[in-house]
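# Inside the fold
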Amino acid sequence: MAMRTPQFQQSVVDAHKHFLAQLKADGVLELAGPFTDKSGGAYVISAKDLETAQAIAFNDPVHTSGSSKVSVYEWNAS
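This text gives an overview of the structure that appears in the document.

Cut-off values and rules
Residues numbered from 1 in each chain as written. Predicted model: local features only at pLDDT ≥ 70, side-chain atom pairs only at ≥ 80, totals over all residues. Heavy atoms only, no water. Core = buried A, V, L, I, M, F, W, Y, C linked by side-chain atoms within 4.5 Å. Buried < 20%, exposed > 50% of the residue type's maximum accessible area, 1.4 Å probe, protein only. Helix = DSSP H or I, 4+ residues; strand = E, 2+ residues; numbered from the N terminus. Contact = heavy atoms within 4.5 Å. Arc of directions from axis to C-beta. Polar contact = N/O pair within 3.5 Å; in protein donor to acceptor, adjacent residues only side chain to side chain.

## A short note on the nonpolar core
Within soluble globular proteins, side chains that are nonpolar tend to cluster in buried spots. F19, L20, L23, L29, Y43, I45 and I56 are the most contacted members of the largest nonpolar core, which totals 14 residues. At the level of elements, α1 (13-25), β3 (40-45) and α2 (50-57) are the ones that each hand at least two residues to this core. Sequence-distant contacts of L20, defined by excluding residues within four places in its chain, comprise L29, A32 and Y43.

## Focus: α2
Along α2, the residues classified as buried are A53, I56 and A57. Down the axis, α2 shows its buried residues gathered within 90 degrees of arc, on one side only. Where α2 is buried, its residues touch α1, β3, α3 (61-64) and β4 (68-70). N-capping of α2 is provided by D49, with a side-chain oxygen placed 3.3 Å from the backbone N of E51.

What follows is the structure, given as structure tokens:
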């Protein structure tokens, strides 16, 4: 999950979209989208473990710029 911070910068959105597009091209991104209240968004990635997922998600430009706080949760989809 990526939740916007008070320091959100609209200018980082294109880099964020490019980041997600690259994850999709690499076969890592399963799905993504914004929340309707514009507070942030969520995406589902495939990774071998939690640490790998965190390493991927914490490289998201919205996170590295401080525009959003990215949190990673393990999920066992059924």
